[in-house]
Amino acid sequence: MDSTRKEWLLNALIAVALFVVPLWALMANEPFIITLATRIAILAIAAVGLNIALGLGGMVSFGHALYLGLGGYVAGIAAHHAFNGTPIFAGIPGTNQMLIIWAIAMVLSGALAAVVGALSLRTSGIFFIMITLAFAQMGFFFTLSWPAYGGEDGLPIFVRNQFPGMNTARPWDLFLIAYGVLIFSLAVFALLRAARFGAALMAIRQNPDRAAAIGISPFGIKLVGFILSGMITGLAGAMMADLTRFVSPAMMAWTMSGELIVIIILGGVGRLFGPVVGAALLVGFEVFFGGLTEHWKLWLGLVLLGVVLFARGGLIGLIAGRAQHG
Amino acid sequence: MSLALVLEQLLNGVQFGLMLFLMSAGLTLVFGVMGLINLAHGSLYMIGAFLCAAVAGATGNFWLGLVGGLTAAAAAGAVIEMAVIRRLYARDHLDQVLATFALILILSEAMRLIFGPFPLYLNVPSALRGTVNLGIVDYSLYRLALIGFGVAVALGLWALIAKTRLGIRIRAGESDREMIAALGVNIRALYTIVFALGAALAGLAGALVGAIQSVQVGMGEPVLILAFVVIVIGGIGSVKGAMVGALLVGVIDTMGRFLLPRFFASFLDTAQATGIGAALASMLIYLLMALVLIFRPKGLFSAHG
């Protein structure tokens, strides 16, 4: 069996497993496991977003927590005003409708990614890594010292936002929503990768000069990729805030940006299901080793070091073989 | 707002900048010579501070602690270079970021395992306690000593790079790695020495700053990110750029936090002014970095053209 078919089979297995395990937990009345699966799904959506920039475009953004946090604050602020019945500003009311919040989160994240991307993409390599980090730090310190929405204490969401036809207070309903959005975002990723746009983005990653020589302008394509990437991560942020019913500057911390990269690397860079596997591994690791020892991050560090030094394709790469494209 | 207060804040900014320089110098040398982005540089700062506090606590002597912290950081740097970093020189930046991110997790938890979860405290040495009169302001003697220390180390580093054989090799390594290896310089040993030198400077900064802050796990990361800002502003690989960038960041950050809330207070009510001022002040250096990168994408003093 060639490695492409092997990867598709593996992907199908992962998608089914992520659905069946919480379904079993629903039957067995284990809401904690359903919530874990929801967390995996939402982290995976965030990483799918980053995977567009990092995996397809080769843009090592070390600041994607910025969009995650922005999405989180959109959800938190909208819910805060809906709960209090106060306008956000100039008479605009808050809302507790997830669909509206998601749309706003994606628009704002996209706009922010457009600004950050337009400035950062003037540089490349190590400078790109650091300037994206710096922009995320700017957001982190801004939320930390801006007192209106809780500052460093964060902002609680007292009542989870609503989704038409669902009872979001129930873990299973929330999981279904997150799972649906994950499948949707994976489909977007797969379509992008198969489209002319994805081909252009990957061509630029592999050789920007050659891409330019055949008439592809690197800057515009990369910027669009970066914006789409930020939008999906922002969407995940809004959902994450609703899952934990809390948003704080920690969502924008640089360690969060690092974790998103780690998720992609653990799963396999540029792989469709890499983010799902990576998120499951990270959350699973935290729950399993976190229960055994409070020093689980030591072991996470050692595993990560091992993966970087010796297993570069991530878990999907180990099982399904190397990717055919560079 | 008196002149004395402004002068005090200005000196604080210079002192902060010089400590940032100690951090940034190692980071920028490692990038300049080996082409490596090292996130774990903040962990070496932390190791310096912890070992200084532990040795000073056990012996009651700050200066022994300082030597201990510096030595431990240099030794840790050499070991880490030989065990891990060496395998990363030929890899892309993504792998370097991840592997050194993993090192942060490992080293932070290792410190927590060895020294426990609570912060350690390091006292200012008795000879440097109290204040000194600088004409219009009484300034902390220890902070003044830090400024002197920072200047001395910067001069020493300049002499090392400009005047010694090791310095010639470091500069040669920055301009052409393959060539100096071909000329018979033991490049592996040179890399280890440069990394350990950078680690020693970071450890020294950690130990010195440890006496005016609490020594705790995670203390290295905020400084690390500031050091990145410094070397991006100054130009990666340039020690002179690191000095200019560090002073700019140190002074602008300190003065921003001091002046901006007062500026907004002149036309807003106090609570609002404090909030907006503090929020803007904490973003100021990142704005500076963005501006520098827009107008000089390679930094102010780029080592590589």
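Here the structure is shown first, and the text comes after it.
None of the values given here were measured: they were computed from a predicted structure.

Participant: A description of the overall build of chain B should follow, citing residues and the corresponding values.
Facilitator: Broken down by element type, chain B carries 11 helices and 2 strands. When the helices and strands of chain B are read in sequence order from the N terminus, they spell out α-α-α-α-β-β-α-α-α-α-α-α-α. Rg of the C-alpha trace for chain B: 20 Å, near the compact-globule value of 19 Å for 305 residues, within the 12% margin. If you line up chain B on its principal axes, its C-alpha atoms span 65 × 50 × 35 Å.

Participant: Before we move on, could you go through unusual backbone geometry and cite the residues and values that matter?
Facilitator: All names here are of chain A. Even without being a glycine, N29 presents a positive backbone phi close to 60°. Tracing the backbone through its elements, the reader meets N29 in the loop between α1 (3-27) and α2 (31-56). For N29, a relative accessible area of 63% gives the class exposed. Not every positive phi belongs to a glycine, and R245 is a case in point at roughly 50°. With respect to the element layout, R245 can be found in the loop between α9 (218-244) and β2 (246-247). On the basis of relative accessible area, R245 is assigned to the partly exposed category, the value being 40%.

Participant: For the packing of aromatic side chains, give the residues involved together with the corresponding values.
Facilitator: Residue and element names in this part refer to chain A. Evaluation of the coordinates by the stated rule reveals 23 aromatic pairs over all chains. With centroids separated by 6.4 Å and ring planes inclined at 45°, the aromatic side chains of F19 and F175 adopt a geometry described as tilted. One end of the pair, F19, is in helix α1; the other, F175, is in helix α6 (residues 171-194), and 156 residues separate them in sequence. What makes F19 partly exposed here is its relative accessible area of 27%. Here the aromatic rings of F288 and F289 are separated by 5.2 Å at their centres, their planes lie at 90°, and the arrangement is edge-to-face. You can call F289 partly exposed: its relative accessible area is 25%. Pairwise contacts between aromatic rings join F19, W172, F175 and Y179 into one cluster.

Participant: With reference to specific residues and values, describe the pattern of salt bridges.
Facilitator: All names here are of chain B. A complete count under the given rule lists 6 salt bridges over all chains for this structure. Residue E109 pairs with R112 through a salt bridge whose shortest N-O separation is 3.3 Å. Separated by 3 residues within a single helix, E109 and R112 lie in helix α4 (residues 93-115), roughly one turn from each other. Taking the relative accessible area as the measure of exposure, E109 reaches 4% and is therefore buried. For R257, the salt bridge goes to D253, with nearest N and O atoms at 3.2 Å. One end of the pair, R257, and the other, D253, are both in helix α10 (residues 239-265), 4 residues apart, so they sit about a helical turn from each other. Relative accessible area serves as the criterion here: at 44%, R257 is assigned to the partly exposed category. Classification of D253 by relative accessible area gives buried; the value is 7%.

About the criteria used
Residues numbered from 1 in each chain as written. Chains lettered and ligands numbered in written order. Predicted model: local features only at pLDDT ≥ 70, side-chain atom pairs only at ≥ 80, totals over all residues. Heavy atoms only, no water. Helix = DSSP H or I, 4+ residues; strand = E, 2+ residues; numbered from the N terminus. Rg over C-alpha atoms; globule rule 2.2 N^0.38 Å. Buried < 20%, exposed > 50% of the residue type's maximum accessible area, 1.4 Å probe, protein only. Phe/Tyr/Trp six-rings, centres within 6.5 Å; stacked < 30°, edge-to-face > 60°. Salt bridge = Lys/Arg side-chain N within 4 Å of Asp/Glu carboxyl O.

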